[in-house]
Structure formats: C-alpha cells, structure tokens
Amino acid sequence: VTDEGGGVYSVEIAANATSRTFDIDIINDLLFDPDETIKLNLVGIMNAGDLVGIDPAMPMDVMTIIDDEMAPTVSVVKSSTGDAAEGDLTTTVDGAFVVQLDQAVDRDVVVVLDVSGDADEGTDYDFEIDGSPVTSVSGQLTITISAGDTLVTIDVLPISEAVEVELDEQVTLTVDSATILMPS
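Residues numbered from 1 in each chain as written. Predicted model: local features only at pLDDT ≥ 70, side-chain atom pairs only at ≥ 80, totals over all residues. Heavy atoms only, no water.

## Some remarks on the overall build of the chain
Put simply, the test is: A run of DSSP states H or I qualifies as a helix once it reaches four residues; a run of E qualifies as a strand once it reaches two. Both are numbered from the N-terminal end. Exposure categories follow from relative accessible area, calculated using a 1.4 Å probe and restricted to protein chains: below 20% of the type maximum is buried, above 50% is exposed, and the middle band is partly exposed. Reported accessibility uses the Shrake-Rupley method at a 1.4 Å probe radius. Residues are deemed covered only where the shown protein chains occlude them.
Assigned secondary structure in the chain consists of zero helices and twelve strands. Overall, the chain shows an N-to-C arrangement of helices and strands of β-β-β-β-β-β-β-β-β-β-β-β. Classification of the 184 residues of the chain by burial places 22% in the buried group. With an accessible surface of roughly 12800 Å², the chain has 52% of that area assigned to carbon and sulfur atoms.

## Observations regarding the environment of Gly131
Mapped onto the elements of the fold, Gly131 is located in the loop between β8 (125–129) and β9 (132–134). Placed 24 residues apart in sequence, Gly131 and Asp155 show a C-alpha to C-alpha distance of 8.4 Å.

## A look at the pattern of salt bridges
Operational definition: Each salt bridge in this description consists of a side-chain nitrogen of Lys or Arg and a carboxyl oxygen of Asp or Glu lying within 4 Å of one another.
Per the stated rule, a full pass over the model turns up two salt bridges. With its nearest N and O atoms 3.2 Å apart, the salt bridge here joins Glu36 to Arg107. Taken together, the residues span a long stretch of sequence, with Glu36 in strand β3 (residues 36–41) and Arg107 in the loop between β6 (95–101) and β7 (109–116) at a distance of 71 residues. Among the residues examined, Arg107 registers a relative accessible area of 14% and is labelled buried. One salt bridge in this structure joins Arg107 and Asp106, with 3.9 Å as the shortest N-O distance. By relative accessible area, which is 32% here, Asp106 ends up partly exposed. Because the salt bridges share partners, they merge into one network encompassing Glu36, Asp106 and Arg107.

## So, a nonpolar patch on the surface
Under the convention used in this document: Residues form patches when they are more than 30% accessible in relative terms and have no salt bridge. Like charges link within 9 Å. Nonpolar side chains (Val, Leu, Ile, Met, Phe, Trp, Tyr) link within 5 Å.
Together, Val1, Tyr9, Val11 and Ile13 line one region of the surface with nonpolar side chains, adding up to about 370 Å² of accessible area. Within the secondary structure layout, Val11 lies in the loop between β2 (8–10) and β3. With a relative accessible area of 35%, Val11 lands in the partly exposed category.

## Digging into a negative patch on the surface
Here is the rule: Charged residues are defined here as Lys and Arg on the positive side and Asp and Glu on the negative side; His and the ends of the chain fall outside this count. Just so you know, the charge point we use is NZ for Lys, CZ for Arg, CG for Asp and CD for Glu.
A cluster of acidic residues, Asp118, Asp120, Asp168 and Glu169, forms a negative patch on the protein surface. For Asp168, a relative accessible area of 78% translates into the label exposed.

## As for the nonpolar core
Heads up, the condition is: What we call a nonpolar core is a set of buried Ala, Val, Leu, Ile, Met, Phe, Trp, Tyr and Cys residues that are connected through their side-chain atoms within 4.5 Å.
In this structure, Leu113, Phe127, Ile143 and Ile154 are the most contacted members of the largest nonpolar core, which totals 22 residues. Looking at this core, the elements with two or more residues in it are β6, β7, β8, β10 (140–145), β11 (151–158) and β12 (172–180). Looking at this core, the element that brings in the most residues is β7, giving four residues.

## Quick word on the sheet that holds β12
Spelled out, the test is: When DSSP finds at least two bridges between two strands, those strands are taken to pair. Axes here mean lines fitted to C-alpha atoms, for a helix over just the part in contact, with angles spanning 0 to 180 degrees between N-to-C directions.
Overall, antiparallel pairing links the three strands, which are arranged β10-β7-β12 in an open sheet. In the strand order of this sheet, the two ends are held by β10 and β12, each with one partner. Taking the axes of each pair of neighbouring strands and ignoring which way they run, one obtains an average angle of 25° across the sheet. As paired elements, β7 and β12 share eight bridges and run antiparallel to each other. When the bridges of β12 are listed, Val115 appears paired with Leu173.

## Concerning the environment of Gly139
In plain terms, the rule: Every residue pair with non-hydrogen atoms within 4.5 Å of one another is taken to be in contact.
Relative to the helices and strands, Gly139 resides in the loop between β9 and β10. Among residues more than four places away in sequence, those in contact with Gly139 are Leu113, Asp114 and Val115.

## What to know about the sheet that holds β11
Taken in spatial order, the five strands of this open sheet run β5-β6-β11-β8-β9, and their pairing is antiparallel. Two strands lie at the open edges of the sheet, namely β5 (74–78) and β9, each paired on one side alone. Pairwise comparison of adjacent strand axes, ignoring direction, gives a mean angle of 30° for this sheet. With four bridges connecting them, β8 and β11 associate as antiparallel partners.

That's the geometry; what it means functionally is another story.
Next up, the structure:
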C-alpha cells in the first residue's frame, strides 16, 4: 500500500492474483469516540489497459471502527462551597454547581440543563461561568465542556434585595441532554 497523499492510496495486485488484503492500523487513544467509518472507494485502475474494469455494483465499501471505551456520563452536583446565601446589599455568599463528565472526551460536549425551582433567575440570582454571565433560555441552560476537560463550574450569584424579606428559595439544575460535537 502506497500513500499517494490527499487521502489517496494505491494498492498493487500481483500478477495472477485476484485480490489483495491489507491492514488498516487503528489507533487506540483511550478516549471515548463515537463509532467512526472508513470509506474505501475504488477510483481508478492503472497499468491494466482494457483488460480490467471497475465493477459498477461494488465500487466502494465501508468499515466501521467501534470504539472500545464506554460513552461518558454527565452529572450535576452542588459544589462543596455549599448553598448560596442572600444577605444585605453588601454581603452575599455565592453558591455553585459542578457539571462533570466521568471521563475526558476528545471533542467538545454540549450539555443542556433544565433550570427549575422557586427562585427566579434575574431577580433572585444570576449564573456565571468563568466570570462571564450566562442566562437560561426557556428554562434551559446550555453549557459546553471543552475537549479534554471533565467539568464546568456554574456560579450562582444571589441578588440582594434591600427591602423584601422572603423565605429560602431553591434553584435546581437537572441534566436534560449531552451531545458530543462531531468535527465539521
């Protein structure tokens, strides 16, 4: 097998032979990958004159590489910093949730979280990731865990209300879905 460049390889079939078997080395990277495919397309024949043609019924075939690592799982837990606490206008305690994969993935993972509870986003609290505000849309918060990372911390910033006295309120994050982004 000769690498001609640009994803093109040539294979020589010896005289008096009807086929040629060759190996394709698979690299085990110890990271979960969705199943991948290799498409082998017969595009031309060299040095055979008019004696050999391409079978129009079988010009290509596909091989599937089945990954041997288990798909990652995602969870969301309240961080060890504890609950957020609303104080007066100058004293609040931020809380946080940690969204975590049980193993690294070599592609970005998009996680959609359902936001619920009796606390109101924008009135009782705001969300931040790495110091940047994030906002839920229609009760869902979408975050990305970058390739190779295993977690994202979502800070919950209570909004102090100067006059109103209210009971404890809750915000709950629940994993709705997680999707491994495929390369484009």
